[in-house]
Amino acid sequence: MSEKVVPEVVGGVTGPQQVNPHAVRPAGRVGRVWRQRASEVVRSASPPTLALGTRLGGDEAVSQRQARAVIDLALRVGEAMLSTGASAADCVASVLRLMTAYGVRSAHIDVTFTSITVSIHRGLHEDPLSVMRVIPGRAPDYSRLEGVQGLLDDIVASAEDGDEAMPIDVARARLTRVLESPHPYQRWVVTVGFALLAVGVVMLFGAAPGMWVAAALSAALVDRVQRVLYTTGVAAFFTQAVSAAVPTTIALGLHWLASVDMPVPGVRSPSLVVISGIVVLLAGLGVMGAAQDALDGYFVTAGARGMEVLLMTAGIAVGVAVVIGTANRFGVDMEVSPFVALGGNPLLGVVGAMLVALGFCLSTYTGPRTTLVSMAVAAGGWVVFEVGLALGLGGPEATAVASAPVGVAAYAVHRRLRMPELAVGTAGIVSMLPGLAVYRAIYLILSDSAAVVGNAVLHFVTAVSTGMALAAGLSIGGFLARRRLGLDRAAQRARRRSRGRYVGD
């Protein structure tokens, strides 16, 4: 291309001049350059943190037979964990660990309150698999949960040692033995556990030995009534109502004896019998499970569990109302004050918290070794709770502070001693369940004055806040312990994939 020649003036004489084409840039080109530089400053060049719709499989090498065997074992394990009291997040993480150990990495797990679904996408050229199993019921059974978690740890360890994972037939046989093995205690030991739980609750309020006996008899009777109603097929709501009527009736009898100058020695506040009965009934509900699922991001499961808790709490209110209303019709004015306070003896409170943990462990078939550790963790948690109250913290704040070290200890013993984290953590905070707040709300609702409805709602909010504080404290403590003690590689991958919350790009 020929260069453009323009006239050049030299000493008044015009001559030719060569022009550099890069010396002058058009205005449009300058604008494009600056726009490009601005976009480089603002626009991200890294891939998104959340890949949407890009996973097309990855398990094409897994045979149909192997995939069916793995998904069947995974469903059995997931059903067992949900049925024995595990949270949705723990169930999903455990199932993902199991399937990863057998070479299946494209699994999708969906958990609801009544079912678990496991799907495997094996690429574009292989048929996917999707199987659902309905959860028949939920009952805390930590001895079986411990056995299932031990089996999972052995499977993952065998896969990470460089060898092939445990044969699926062997794993299925071990799982069957775990689920069909007898309980570590007979049924009467469970009844004793509920009685000890109630004794521990009244000890937290500084009750005398006479009240210990009344609370123990009430809790033992509640357990036997619940068992009879369950075996006869009575709906859970009515079972809860009848069970709540038992301690209320005993409290009514104690109040009547005191009104006719025949008080029972050592019984000063019949309210404690009702409160201990409510805590016994709440211990078997999904209060902690609902709060934990909500914090983990499994809102559908959390909503279902929350509805169950609400319905069962309504059953408690109905049982208490029927007894009080019947007593009033027969001229017995039952004035059981709900305004009692925690006992002032710290040593008695620690012993009560340990008894609560012992009773809870016995009622949930927790093994002896885990029971002893849970009692020690519960004692430490209660000491922290008392210190929080002494420093001026409110109930929910003190429970949150106290449950955090319980969460740390629960994961530490799970990591070091292979004990079920859920059993130790739950037993450590049962003594801080909001039984008193629930009873106060029920008492105020049953009164004739419309002016106290606002106070009743306030106590219900306090109960819910306490439950959320307990779950949050356990979650934070477990998170800190995992950061410090670490997880195995399979558990790290599984927990990243089992998050139920939204992860932004």
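Residues numbered from 1 in each chain as written. Predicted model: local features only at pLDDT ≥ 70, side-chain atom pairs only at ≥ 80, totals over all residues. Heavy atoms only, no water.

**Things to note about unusual backbone geometry**
Even without glycine at this site, tyrosine 365 takes up a positive phi of about 60 degrees. Turning to its location among the elements, tyrosine 365 is positioned in the loop between helix 12 (346-363) and helix 13 (368-390). Its relative accessible area of 12% is what places tyrosine 365 among the buried residues. A positive phi angle, near 60 degrees, is found at arginine 418, a position not held by glycine. Mapped onto the elements, arginine 418 comes out in the loop between helix 14 (395-417) and helix 15 (421-429). (Helix = DSSP H or I, 4+ residues; strand = E, 2+ residues; numbered from the N terminus. Buried < 20%, exposed > 50% of the residue type's maximum accessible area, 1.4 Å probe, protein only.)

**A short note on the environment of leucine 252**
Considering the arrangement of structural elements, one finds leucine 252 in helix 8 (residues 236-259). Using a relative accessible area of 17% as the deciding quantity, one classes leucine 252 as buried. The sequence separation of leucine 252 and alanine 327 amounts to 75 residues, and the corresponding C-alpha distance is 7.9 Å.

**Comments concerning the nonpolar core**
Among the nonpolar cores identified, the biggest contains 116 residues, and Met99, Tyr102, Ile109 and Ile116 are the most heavily contacted of them. Take this core: its biggest share by element is eleven residues, from helix 6 (residues 187-204). (Core = buried A, V, L, I, M, F, W, Y, C linked by side-chain atoms within 4.5 Å.)

**Quick look at the packing of aromatic side chains**
According to the stated counting rule, one finds three aromatic pairs in the structure shown. Summarising the aromatic geometry, the rings of tyrosine 142 and phenylalanine 360 are spaced 6.2 Å apart at their centres and angled 50 degrees between planes, so their arrangement reads as tilted. On the criterion of sequence distance, the pair formed by tyrosine 142 in helix 4 (residues 142-160) and phenylalanine 360 in helix 12 is long-range, its members being 218 residues apart. In this pair, the class of tyrosine 142 matches that of phenylalanine 360, namely buried. Pairing tryptophan 382 with phenylalanine 385 gives two aromatic rings, centres 4.9 Å apart and planes at 40 degrees, and the pair type is tilted. Remark: phenylalanine 385 and tryptophan 382 occur in helix 13; sequence separation between them is three residues, near one turn of the helix. (Phe/Tyr/Trp six-rings, centres within 6.5 Å; stacked < 30°, edge-to-face > 60°.)

**What about helix 12?**
Between its first and last C-alpha, helix 12 extends 26 Å over 18 residues, near the 26 Å set by a 1.5 Å rise per residue. Of all the 18 residues making up helix 12, 13 are buried; the element is thus mostly covered by neighbouring parts of the structure. In the segment just after helix 12, tyrosine 365 is the residue with positive phi, at about 60 degrees. (Expected span 1.5 Å × (residues − 1).)

**Thoughts on the confidence of the model for the chain**
As a general rule, the predicted coordinates of low-pLDDT regions are not to be interpreted in detail. This prediction gives the chain a mean pLDDT of 77; 78% of its residues lie at or above 70. Of all the helices and strands in the chain, strand 1 (residues 5-10) carries the lowest mean pLDDT, 48, while helix 5 (residues 168-180) carries the highest, 90. Long-range and interchain partners of residues 500-505, a stretch whose pLDDT sits below 50, account for eleven contacts in this model, where long-range means more than four residues apart. (pLDDT = per-residue confidence, 0-100. Contact = heavy atoms within 4.5 Å.)

**Re the sheet that holds strand 5 (residues 129-134)**
Within the open sheet, the three strands sit side by side as 3-4-5. Their pairing is antiparallel. At either end of the open sheet lies a strand with only one pairing partner, and these are strand 3 (107-111) and strand 5. With strand direction ignored, the average angle separating the axes of adjacent strands in the sheet is 10 degrees. Looking at chain direction, strand 4 (residues 115-120) and strand 5 are connected through six bridges and run antiparallel. Bridge pairing links isoleucine 120 to leucine 129 in strand 5. Contacts from helix 2 (residues 64-83) reach strand 3, strand 4 and strand 5, with the element oriented near 25 degrees to strand 5. (Pairing = 2+ DSSP bridges. Axes fitted to C-alpha atoms, helices over the stretch in contact; angles between N-to-C directions.)

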